Each structure stands twice: as structure tokens, then as C-alpha cells.
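Observations on the three-dimensional arrangement
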Amino acid sequence: MQVPFYGHVRQYHNIKGEIDKNIAEVLESGQYVMGPMLSRFEKELAAYFGTKYAIGVGNGTDAIWLTLMALGVGPGDECITTTNTFFATAEACWVAGAKVVFVDCDPKTRNIDPKKIEKAITKKTKAIIPVHLYGQCADMRAIRAIADRHKLFVIEDNAQGIDGCGPDFKQGELSDAVTTSFIIQKNLGTFGDSGAVASNNPEIDRAVRRLRNHGSEKRSHHSYGFNSRLDDLHAGILSAKLKHITAWTDQRRAWAACYNEGLKRARRFTLPYEAPGYRHVYHLYVIETKKPELRDELLKFLNDNGVDAKVHYPIAIHQQEGFPWGKKARLCGKQRNSERNAASCVSLPMFAELTAEEVDYTIEKVMEWDKKG
Ligand SMILES: *Cc1c(COP(=O)(O)O)cnc(C)c1O
């Protein structure tokens, strides 16, 4: 049996009528960039987040640096995030011209460890960028409290966490902005690239709208800006998909529950930790081998047996070649938990359109490996 890692085509077939209808509507409208479908999707997205504004942009990385720039964060400033994230979080800070200061992740949630943030704050710190890694929200209450004490901005990198929430907070409620990515492999993904910024702050809304479109608010009038737009075809696809995101998340969570049950007797690896009351959206279902040196063996065993498991991410940011790239980044403290995560994590197939047979087969193979040791 072959178990794929992604179900993009299955998802398309399930809602083909809705997607094709929106694509045809855009094609027939003759308006493909900054057209009515984009406005419609932006309204739907703001309503979905419960924020006043949502702005479509070119991708999830741009969403972060456009927000930083909108907030006036740039050269001479510092942004705090964690080494346990996808590279783009850090990249976005550099594009904005700010220095990135990294703190370690929490060993259980694998999100930024709020206890380590305050030590990283200097006079130059302007923003904290927590990442909702693998689909579980960071500890936003603790992060908001720190940001308030030090008057810092908070930007949620929600590329992996759409449709999640905390026990007593929603995304966007405790931050200045939520950024997200709609690249195909994300939980809400289009057939290509795009992203968005959601916020309650009218200044962020206005500035990001201007920056994404050549610094223009009025035809032929420009201040500095860029070209980072979400085009209408993708907006149409995303508008069709947004209606299903909650059901897809529920299905991901149901598969995660099956994995949790089927793998609970594991001896050689640990299961993902779901913090009490959090709605983990399982962008990725990540197990960790207790001995890091066994990770590659597990990965190979699964791949050899038809299970397309992967690793997110094998190299923590500060372990990438050339770090810290001149003086573009700084570590605050040891990064033991991020390093451990990078060395021992394995992502099992996880998407709504998996079948029970595929989940059972994956469980069977993982447990077969577990019993070998
Ligand atoms: C995917 C991702 C991004 C970047 O999104 P793109 O749309 O690929 O630019 C940023 N941060 C995290 C955590 C991601 O997973």
C-alpha cells in the first residue's frame, strides 16, 4: 500500500464544482488582479477571523514583512522568534531589514517558549513573532503579557495554524496582526502561492494595502511599495475552500485521534503534545524518536514500506549554513529543544482526505518499527 503525504487532488475532486464555478466566474469577469473576487474573499476572510480587516498578499512570507514594514519595523530594530520554525519567519525579518533574535522552543508544544522571551528583549526589540507551529497556537496569553510590559508588537505567523485557537483566545485577538500562507500544502491552500494579513488595526490595513500595490492608494499616485498581490483566480479558489476549512480541520483532528490511539503503546517514540483546551489543527502530525539517532531509520522504514513520511524540519535555523549571515541574527541562550526536535521529528501523512485504511496501515507500519527495537 502507498500512503501519500498530500491529498491536494483528492480535495479538488471533492469540491470540484465549487472551485471550477469560481474560476469560471473570474475568467468571465475580465478582472484578474485587484478585482471583485479578491474583495469578496478579503471580506470572507475577515469575517472568518473575526477581524476588522483582511488583506490578500502574494505569499505568507510577504505577509510577515509587509506587516513589519507597515508597523515601521526595519533597520536597527530587532524581532524575536524561535529557531524551531520554517525558515521563512526569519527571512521575513531580514527582508524588512530587522535583526532576528532567536529563542528556544518549549520541549512539549515545540512553540516559542514564553519563559525565554524576556531575556532576549533589548532596547532595540520591536516585535515578537510567535509561530503556530504544526498547527497548535503558541501561548498567546503569556506572549501578549510580555509584549504589553515592554510595548512590543506581536505578529502571529499563522501559516500552519489556520482554524486553530487557544483555550480562551482566538487568533488575531491578542496580536497586532495574524499573517497566513495559502501555498498549496497549507491547511487552506490554493493551487499556487498566496497569503494574507488579518488585523483590527486600520493603520496596518491601510499600509499593507498600499505596500502590496506599488505604494499606491489612488491610481497613478505612489509612495514606495512593492508588488505582492493575491490575484483573483487564487481568491476564487480560496473562497470556495474557506467554506470547508472547519470540516477539514475536524477531520484532521479525527485522524490525529486515530493515530494517538493506535500509537499509544509506542516505546521508541513520543506522540505530539496537545496543550489542554487548544484546538490543534494538525497541519502536521509529528512524532519524535526518543533516540535522535533512530529518526532516519524510522523514516527509511516508513518510506520503504510505502508511507510517505517526511521531516519538518531536519535543520534548525541556527544550524543552517552560514548562520548568522553576517550580523543578521543572534541567538539568545542554548537552543537545545529546537535542536532535539530537528534531530528526532517525523511527520506522518496528515490531511482530511486520508482513508481509514491508509491511517490504519500507517499505524501498523510505525508500530512494526517500534517493536523491532
Ligand atoms: C509556509 C510558511 C511560511 C511562508 O509561507 P509562503 O507562502 O511559502 O511564503 C512562513 N512561516 C511558516 C511557519 C510557514 O510554514
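Note that the structure is predicted; figures quoted are calculated from it, not measured. (Residues numbered from 1 in each chain as written. Predicted model: local features only at pLDDT ≥ 70, side-chain atom pairs only at ≥ 80, totals over all residues. Heavy atoms only, no water.)

**Describing the packing of aromatic side chains**
- All chains considered together, the criterion is met by 14 aromatic pairs.
- When the ring of Phe-5 is compared with that of Tyr-6, the centres are 5.0 Å apart and the planes differ by 90°; the resulting orientation is edge-to-face.
- Exposure remark for Phe-5: the relative accessible area of 4% places this residue in the buried category.
- Grouping aromatic residues by their ring pairs yields a cluster made of Phe-87, Trp-94, Phe-102, Phe-323 and Trp-325.
- Taking the ring centre of Trp-369 as reference, the NZ or CZ of Arg-268 above it sits at 3.8 Å. (Phe/Tyr/Trp six-rings, centres within 6.5 Å; stacked < 30°, edge-to-face > 60°. Buried < 20%, exposed > 50% of the residue type's maximum accessible area, 1.4 Å probe, protein only. Lys NZ or Arg CZ within 6 Å of the ring centre and 35° of its normal.)

**Observations concerning the site of the ligand**
- Around the ligand, the structure places 13 residues, and the nearest of them are Gly-60, Thr-61, Asp-157, Ser-181 and Lys-186.
- Thr-61 has a polar side-chain atom sitting 2.5 Å from an oxygen atom of the ligand.
- Across the complex, the protein chains shield 93% of the 380 Å² of accessible surface that the ligand would expose by itself.
- Among the secondary structure elements, those contributing two or more residues to the shell around the ligand are α4 (60-70) and α5 (88-96). (Near = heavy atom within 4 Å. Polar contact = N/O pair within 3.5 Å; in protein donor to acceptor, adjacent residues only side chain to side chain. Areas by Shrake-Rupley, 256 points an atom, 1.4 Å probe, with all protein chains shown as cover. Helix = DSSP H or I, 4+ residues; strand = E, 2+ residues; numbered from the N terminus.)

**Considerations on the nonpolar core**
- Tyr-259, Leu-263, Tyr-285, Leu-302 and Leu-348 are the most contacted members of the largest nonpolar core, which has 36 residues in total.
- Among the elements of the structure, α10 (245-262), β11 (285-289), α11 (295-304), β13 (345-348) and α13 (356-372) are those that each provide at least two residues to this core.
- Per-element tally for this core: the top contributor is α13, with six residues.
- The residues that make up this core include at least three from each of domain 1 (8-242) and domain 2 (245-372).
- Membership of the second largest hydrophobic core comes to 29 residues, among which are Leu-66, Leu-68, Val-100 and Ala-329. (Core = buried A, V, L, I, M, F, W, Y, C linked by side-chain atoms within 4.5 Å. Domains from an automatic or database assignment.)

**A short note on the environment of Lys-310**
- Structurally, Lys-310 is set in the loop between α11 and β12 (329-331).
- Linking Lys-310 and Ala-356, residues 46 residues apart in sequence, is a C-alpha distance of 20 Å.
- Discounting chain neighbours no more than four positions away, the residues touching Lys-310 are Phe-5, Tyr-6, Leu-299, Val-346 and Ser-347. (Contact = heavy atoms within 4.5 Å.)

**Description of unusual backbone geometry**
- Residue His-312 is joined to Tyr-313 through a cis peptide bond whose omega torsion reads 5°.
- Assignment of secondary structure puts Tyr-313 in the loop between α11 and β12.
- Along the chain, Phe-323 connects to Pro-324 via a cis peptide bond; the corresponding omega equals 5°.
- Phi at Met-34 is positive, roughly 60°, even though this residue is not glycine.

**Details of the sheet that holds strand β5 (residues 153-157)**
- With mixed pairing, eight strands are arranged side by side in an open sheet as β1-β7-β6-β5-β4-β2-β3-β12. Each having just a single partner strand, β1 (53-57) and β12 make up the two edges of the open sheet. Between one strand and the next, the sheet's axes are offset by a mean angle of 25°, whatever the strand orientation.
- As judged from the two bridges shared by strand β4 (residues 125-128) and β5, these two strands associate in the parallel manner. From the neighbouring strand, Ile-128 faces β5, where its bridge partner is Val-154.
- Running over the sheet, helix α7 (residues 140-150) touches β4 and β5 and is turned about 155° from β5. (Pairing = 2+ DSSP bridges. Axes fitted to C-alpha atoms, helices over the stretch in contact; angles between N-to-C directions.)

**A look at the packing of helix α2 (residues 16-29) against helix α9 (residues 232-242)**
- Look at α2 against α9: their axes get within 8 Å of each other, and the N-to-C directions meet at 150°. By the angle between their directions, the pair α2 and α9 is classed as roughly antiparallel. In this structure, α2 meets α9 at a crossing whose hand is right-handed. Every residue of α9 that contacts α2 at Glu-18, Ile-19, Asn-22, Ile-23, Val-26 and Leu-27 is listed here: Asp-232, Leu-233, Gly-236, Ile-237, Ser-239, Ala-240 and Lys-241.
- Residue classes in the contact of α2 with α9 are distributed as seven nonpolar, three polar and three charged. (Parallel < 35°, antiparallel > 145°, perpendicular 65-115°, else oblique. Left-handed = near helix turned anticlockwise from the far one by under 90°. Nonpolar A, V, L, I, M, F, W, Y, C, P; charged D, E, K, R; others polar.)

**A few points about the environment of Val-57**
- Along the chain, Val-57 falls in strand β1.
- For Val-57, a relative accessible area of 0% gives the class buried.
- For the pair Val-57 and Val-208, spaced 151 residues apart in sequence, the C-alpha to C-alpha distance is 8.6 Å.
- Those residues in contact with Val-57 that sit more than four places away from it in its chain are Ala-63, Leu-66, Ser-194, Gly-195, Ala-196, Val-208, Arg-212, Ser-228, Arg-229 and Leu-230.

**Some remarks on α13**
- The end-to-end C-alpha distance of α13 is 25 Å, a good match for the 24 Å that 17 residues give at a rise of 1.5 Å each.
- Residues of α13 that are buried: Glu-358, Val-359, Tyr-361, Thr-362, Ile-363, Lys-365, Val-366, Met-367, Trp-369 and Asp-370. (Expected span 1.5 Å × (residues − 1).)

**A word on the domain arrangement of the chain**
- Structurally, the chain comprises domain 1 (8-242) and domain 2 (245-372).
- The C-alpha-based centres of domain 1 and domain 2 are spaced at 24 Å.
- Between domain 1 and domain 2, the residue contacts involve 52 residues of the former and 46 residues of the latter.
- Counting the surface lost from both domain 1 and domain 2, the interface buries some 4,000 Å², and carbon and sulfur atoms represent 55% of this. (Buried area = accessible area lost by both parts, 1.4 Å probe.)

**What about the side chain of Gln-136?**
- Tracing the backbone shows Gln-136 in the loop between β4 and α7.
- Looking at Gln-136, the relative accessible area reads 2%, which means it is buried.
- A polar contact is formed between the side chain of Gln-136 and the backbone nitrogen of Ala-275, at a distance of 2.9 Å.
- Sequence-distant contacts of Gln-136, that is, excluding residues within four places in its chain, are made with Thr-109, Asn-111, Tyr-273, Glu-274, Ala-275, Tyr-278 and His-280.

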